Each structure stands twice: as structure tokens, then as C-alpha cells.
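Chain residues, written in single-letter form:
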Amino acid sequence: MPPAELLSVRGCTKLYPGVRALDGADFQVRAGEIHALLGENGAGKSTLIAILTGVTAADGGEVRIEGRPARPRGPAQARELGISALYQEGALVPNLSVAENLYLGREPTRFGLVRRRRMEGDARLLLAAYGLQIDVTSPLGRYSTAVRQLVAIARAADLSAKLLILDEPTSSLDADETAMLFEVMRQLKARGLGIVFVTHFLDQVYAVCDRLTVLRNGRTVAERAVGEVSRAELVGLMLGEASAGAGYPARRRGAAVGPAVATFRGFGRRRRVAPFDLQFRAGEVVAAAGLLGSGRTETALLMFGAETADSGEVEVAGRPVKLRGPRDAIRAGFGFCPEDRKRDGVVGALSVRENIALALQARGGWARPLSRRRQADLAERYIKALDIRTPDAEKPIEQLSGGNQQKTLLARWLATDPRLLILDEPTRGIDVGGHAEILKLVDELCTQGLSIYMISSELAEIAATADRVLVMRDRRPAGLIEGAAVSPEAIMAAIAAPPGEAAG
Amino acid sequence: MTDLLGWRSRLPRGGPQLAALALALAANAVVSPDFFHLLLRDGRLFGSPVDILNRGAPTVLLGVGMALVIATRGIDLSVGSVMAIAGAVAAAGVAHGLPWGVSIALALGAGVACGLWNGLLVAIMGIQPIVATLVLMVAGRGVAQLITSGRILTFDEPHLLWIGGGAIAGLPVAVVVALAAAALVLLMVRRTALALFIEAVGVNPQASRLAGVPSRAVLVYVYLVSGLLAATAGVLAAADIRAADANNAGLWLELDAILAVVLGGGSLYGGRFSLGLTVVGALTLQTLKTCILRAGFPPEFNLIAMAGVVAVVLVIQSPAVGALGGRLVPRLREVRL
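*Asks:* What is the right way to read the pairing of strand 12 (residues 219-225) of chain A from this model?
*Replies:* Successive side chains on a regular strand alternate, one facing one side of the sheet and the next facing the other. Residues and elements named next belong to chain A. Looking at chain direction, strand 11 (residues 211-216) and strand 12 are connected through six bridges and run antiparallel. In the strand pairing of strand 12, Thr213 is matched with Glu223. A loop of two residues connects strand 11 with strand 12, the two strands running antiparallel in sequence, and Asn217 in this loop sits at a positive phi of about 50°.

Dropping the structure here:
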């Protein structure tokens, strides 16, 4: 008989307008285990956590805690059920002292007054159990993220949590801090807590977890003991097997590769992404692959000047260029469609016409306005050329579908007649039809001599379009796959290779 | 087929705003039947509507500046204090024997400096606009008092007196100055790409930056224009009472300016703005104030009435009422004025 389930989620479903965030997901956590919850962006991890912590309600399925059905309505109720979640920065109050944070809302009192001494003594004892000796009277905000997290964990555990959800707790910790956190996690496990650990670092899964659950597209695709799954298998589970490759028309690679357009040498930024080299030739697609958090998006941000590099150099059309901000990159002939379209791409309340004209107008400066007529012509041309489905150019862009928003952003950059287009997850959140259309556009643009840098988590998509693939792992380049060697299997192998062993 | 959302787009642009103004004017006509009676004497028009334009001139100026600032998702609380500073500088200038032109230039320069200060705090230091401009709102009155040495500084410089009491083409100078300034700003933003940049920065600052919009420069620009317009209003207000009153010049007018923008259909969340409708909003406000006075209520009622108008407008614009089927004061979508 298997050990009793602490948490059991069966057939959990959650619908958002136009999206099935969870589609019958199952998830079991036992008492006294550390359970990794894995999956790429949009796999449903955040939605599942939101349901467990009562932030949102499921549309279907059941959640049981120690066998009893539970439907937490709000984080307070979830805590009463014994579920505590800790997010990256924690939900504590930075300007209160460590002790006050630990006992917030349950301070020891006498005659209605807080017994400060007693509280501070208790706090010291509590933290000492985790090997943490700090001044508990100092404001929490003075301490590092790692200490703040440990304090938050100590508070949650002391509040008699049964299930502790740690959502990417290690993303801003260094190696020592991570080790300290793992030590605390093991202690809590020994005390019989169930711990859900969300991370993008595969090493950490193998270092500290007992079992793992992989979500993909809102479904549970695997629930295994960690020892049973190889790294390659795990990456395959997260990204989807190569079988998903069917349906993407392969591009005629290297057909019209021209001279070097842009060359990045030793380009990097400390604590964000280690230096990488990349060269773009006219008419070629270079792709970046890697798990979420592998540094693939960071390469794009640096290349576009959205973050400034602190090492390396750039050459555009044979001349050295400095990228101090997006305006420099745009002047150099770069365009950038960001990963989070809604937050970083579209200007929601403005019209399709204005969104298309924006970058060209920004490059031209405020004093030389594009006439309304010119903007309308531009919009009309790209609406036709890219088949943007909108009743007219004056429609606010926020009212278009994801695929049409993405095409409008492409139009924004095409209007500036760019040399290099940087596309971060250009097909995310776009329906199947739109998906294929965007890839077809990428192909056509290359034929016209553009260089394209495409970041994607869909290996099949990369394999079908890319001339070269930069594989990123743990925020550093982990290999370059070129030409005929580009295949989903090769990319997956490079992503999954254990650290220290660079492929290619 | 019923078109629940479309009815608003079929309304004439600015219809609700003009209707509100007409309503306020009608209320006046009821309270005092001779309201629309105009008289031409010594080449200057006299009458209640002219008074409303004259009294409303500072609010029109502040409102136009505020509309630009609010469109970038900001707010400028310092405009009342900037008025006091500019009035004090102009009065002190002529008191020290400077030519009137130089005094006014210095006053306007002070406004530009104030705007620059606000703009730098917001755009470069990244301080929240409401806090950044609160600094100058509080400190500005102190600065103005220092300039006037805490006294009410009177003057009798003939050119300044003409600004306060003279007329151009039959209209009070203040009215002509305010409308001309509003028209100038309108041309400056709509005939260039500034309006697009301002709206883009207000709707989505991050996306605008990534599209290459010089968002910091845009922010500095709107606070600078707001400061300059506030200084202009300050000179008009001082010329009107022939004195610089550091304590009372422009007091609470920042709230009137914000209200004018909201009445003009602007959203405090930034984005679309309309300078023309903001002017209409400012005049509606002044018409209401006049109506309260004419009806024989003591001036204290003005504040209560203003608060009432704010409450009504906010409730009408709120998402809750919007969901009920439509807003009487529609948010600006495609208004181009």
C-alpha cells in the first residue's frame, strides 16, 4: 500500500477566456517528501499553485488534503488547511523586525501589550533551529533574499503548515545560499512536511527532490520518483517529445545566406547571462533554445539594448556599434518582438495604425511627424501583407487576437526596414493556425534577406526553421548546433547534458 | 440587433462635455435671467459669460498642462504653488525696477525651472509623480513667500495693470492669453508626433521604451509645459489683483485643473487626451462656481459643490457604472481635438 497522500489533486481544470490553463491535471504530494513541480511557461504550474492557495477557484476536479475534500477560498483559508506558499520575494514586511515578521498577527501579549522580549527570545530560538543566527530586532529588509526566504519558511512552518509550496525560491540565490535553503528543506521534510518545489534548474531537482510531476499544456504528463528519470527524459517530458515536430514545413536552409549583418563577441552581463558569441548573416535564422530561466531571453534583451551588456562588442555591417538602449539598437537596424507581448510589446489602447507607426515615428523623432495619411497607408499595406485580421486600422490593438497582435508588432518593425529581427517566443499563446502563419512569415522575411534571431521553447519549431541553434543552459551558452545537425533530438541532448560538459 | 457597446461611438465626439457646459449655462440663466446680457463699453465686452471666461482663464491654462501630464499617467500637484512663485517673481521684478517684459520673462522662466525640476524627479529619478510634485506643492509656497518677504506685494506697473484689466479685440487680456496658449500647445503636440508619444508612454511605458520612444524626454517635456502654463496663469492672477499674494495665489487650483481634465473625459490611468475638451471642462467648472455665487449661496458652498461634481463624475466614469450599460461621460477613444 502506498504511503498516505497529503495532497491529492484529481482532474483539475481551469478555464480562462480562450485558454485551458489546466486540463484535467493530477498532482499528489506525500507527507515527508520534497516534490518537484516542473513544466515550461504556460504548462499550468502557476494556475495549480493559485488553486491550492485559494487565489483562484478551479472549474473542475477535486482537491483533497489528508483525504478530506478542500476548496480553499483565499490564502487565509488555505493556511488554515495547512497550505503555505512562498513566492520569490516572500510576503513579509521589510520594514518590520525579523521577530515582528515571524509573529505578525499572533504576537505574545500580556494585558493587551506585546511582550517584545519574549517574542524576540522565541524568534531567536525558532531561527536557531534552522542554523540561522541573526539579530532578530533588525528590520527584515536589511537582510539578503536568502535570509528573508528562510524567515518566511520558518514562519510558515511554525504556523503548522503541512504543505509548503516554494515557487522558484532559488532563482536569486547563490550556490551557498541555495545549499542552506536545501538543508532547511531537508529538515522540514524530516519533520513530516510535504514540500512542493518549483524550479527551472534541473540540477536542483536531482539534488534535493524525491519525486517529480511534470505538467505540459495543463495536463500531467509524468509523475515519477526522481531516480527513475534521466535528464534527457526529463527535458523531453517538459518540452514535449519530438513527435510534436509534425506539421511544421521545413525551411530551405542556407539557400540565400549573404554577408555578415551583425556580430556579437563575448557579449554578456554579470549575474544575467555569461558572455556569448553570435553571428548573423543576411537571410538566415538563428534560434536560441533552452529551458525557461536558461538565459535565452536575456541574450535577446542584451542584443536589443533593453539591458546594457557589461562585456563584449557588437559589429553591425562591419562597423562597431554601442548599444546603450533600445534606441541605439533600432538605429543599428534591429527590431524586437518581446516574449511578454502584452506587457512589453503592444500599446493596448492605441490603434493598430498607431502601433504600426510607433517605432518608425520614434526613430524619425517628434519633430518630423508621419502624416496621418502616411500612417494609414503604412497600416493598410501591412494589414494586407501580413494578413492582420482587423475590421479596420483604427481598432485598438488590445481587441485583436494574440496572433494578430503579434503580426502587428512584426509590422511595427518591418516598417523600420530592419536588418535583424529578434523574436522572443513569437508563437507563444497563438492558436495553431496563427502559429504556422508566423513561421511562414519568418521564412519569407529571410528570403528577402533579413536575419532573424528566434527564441523558442518548441524544439520542433526551431528544428524546422533554424539554420543554427544556440543552446543555453544555466545562463550560459552550452553549444551551437549548425546546419544538417539541427534536430529536436540534438537540441534536447544539448539542453540535458550535465553541467560542465559543453556539447559542440 | 442591439449594439450595447456601439452606441457610444455613434455619439458626436465631445457631446457629453458640451452638454454639461450647456446645462451649467442654463442653470445660470435660471438663477439670473440677465445672465446672457452682454454690454460693449470702452472697447471691452462686459457680462457674465465674459466674467466666466476671465475667471476661468487660469484653470484653462493649468488644465491644458495637466491634461498632458495626466496622459502620461502622471499628475502635477505643484501647479498652484508654481502660480504663486511666478506671481511673486513678476511683482518683485517690477518692484525692483526691472522692465515689465523682463519681469514677466523671469516669472515664466521660474515656471520652466519648476517644471524641469518635476520632470527630472519623475523621469530620471523615477519618483512617483504624485510624491515628486507634492515636494514643490509644499515647498513652492515657501519659496514664493521668501520672494515677497511674506508680504502681499502690490504693484502699479501700467503694462501689468493692462494685463489684468485691459482688452484685446473686446475680450479681457487674460482670456485671449489663455485661449492662445491652449491653441499653441494644441498645435505643438498634434502637429508633431508628441501627442502619439505622450499617449503611448501613458498607455504602456515599457512597450513604448522598447519601440524606441524617448520616454524620459517626453515626461520631462509634459512637466515643463505644465510649469510654463502654470507660471503664465500666475502672472495673469497677480495682474488681476494687482498684487502677488504668496499665500492665496492659485490655492487649490491644482484640484480644479485635475477636475477639468477628468470632466474633459481624460482618464487618470493615462492614454488618450483631449485639450479641447479639457478647456470645455475648465469652463464648465467656472460656470458652476458662478452659478452658486449668483444663486446667493456663500462661497463656502463652492467647495462642497465641487466635491459633489467630482463624486458624480467619478461615479459615472467608474467601471461599475460602465458595466451597467454605458457612461454619460465616455472615456476618450478616438477624440482628436
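*Asks:* Help me understand the domain arrangement of chain A, please; the structure alone is not making it clear to me.
*Replies:* Size of an interface, as often reported, equals the accessible area lost when the parts are brought together. If you check the domain split of chain A, you get domain 1 (5-243), domain 2 (246-333 + 418-496) and domain 3 (351-417). For domain 1 of chain A versus domain 3 of chain A, the distance between C-alpha centres works out to 44 Å.

*Asks:* Is there a simple way to think about the packing of aromatic side chains in this case?
*Replies:* Two aromatic rings, taken as a pair, are described by how far apart their centres are and by the angle between their planes. Residue and element names in this part refer to chain A. In the structure shown here, the tally under the stated rule is 10 aromatic pairs over all chains. Considering the side-chain rings of Phe264 and Phe280, the 6.2 Å spacing of their centres and the 85° angle between planes classify their relative orientation as edge-to-face. Linking Phe264 in strand 13 (residues 260-269) with Phe280 in strand 14 (residues 273-281), this pair joins segments that are 16 residues apart in sequence. Both residues of the pair, Phe264 and Phe280, count as buried. These aromatic residues form a ring-pair network of at least three members: Phe264, Phe267, Phe276, Phe280, Phe334 and Tyr453.

*Asks:* Help me understand the sheet that holds strand 22 (residues 476-482) of chain A in this model?
*Replies:* Two modes of strand pairing occur in sheets, parallel and antiparallel, and in both the strands are linked by backbone hydrogen bonds. All names here are of chain A. Taken together, the six strands give an open sheet; going across it, the order is 18-19-20-15-21-22, and neighbouring strands pair in mixed fashion. Of all strands in the sheet, those bounded by a partner on one side alone are strand 18 (334-337) and strand 22. In this sheet, neighbouring strand axes are inclined to one another by 15° on average, regardless of whether the strands run parallel or antiparallel. Bridge count for strand 15 (residues 285-289) against strand 20 (residues 451-455) is four bridges, and the pairing is parallel. Directly across from Ala288, in strand 20, lies its bridge partner Ile455. Lying over the sheet, helix 9 (residues 296-303) contacts strand 15, strand 18, strand 19 (420-424), strand 20 and strand 21 (468-473), oriented at roughly 145° with respect to strand 20. Lying on the sheet, helix 14 (residues 402-414) is in contact with strand 18 and strand 19; it crosses strand 18 at an angle near 170°.

*Asks:* Explanation requested: the interface of chain B and chain A in the structure shown.
*Replies:* Of the residues lining the interface, 23 residues belong to chain B; the matching set on chain A comes to 30 residues. Buried area between chain B and chain A, both sides added, is near 2,200 Å², and the carbon and sulfur share of it is 63%. The largest per-residue losses of area from chain B upon contact with chain A belong to Leu196(B), Leu210(B) and Ala211(B), which jointly make up 26% of the total buried on that side. If you look at where chain B meets chain A, you find one salt bridge. Here Glu354(A) and Arg272(B) are joined by a salt bridge, their closest N and O atoms 2.8 Å apart.

Thresholds, definitions, all that
Residues numbered from 1 in each chain as written. Chains lettered and ligands numbered in written order. Predicted model: local features only at pLDDT ≥ 70, side-chain atom pairs only at ≥ 80, totals over all residues. Heavy atoms only, no water. Pairing = 2+ DSSP bridges. Helix = DSSP H or I, 4+ residues; strand = E, 2+ residues; numbered from the N terminus. Domains from an automatic or database assignment. Phe/Tyr/Trp six-rings, centres within 6.5 Å; stacked < 30°, edge-to-face > 60°. Buried < 20%, exposed > 50% of the residue type's maximum accessible area, 1.4 Å probe, protein only. Axes fitted to C-alpha atoms, helices over the stretch in contact; angles between N-to-C directions. Contact = heavy atoms within 4.5 Å. Buried area = accessible area lost by both parts, 1.4 Å probe. Salt bridge = Lys/Arg side-chain N within 4 Å of Asp/Glu carboxyl O.

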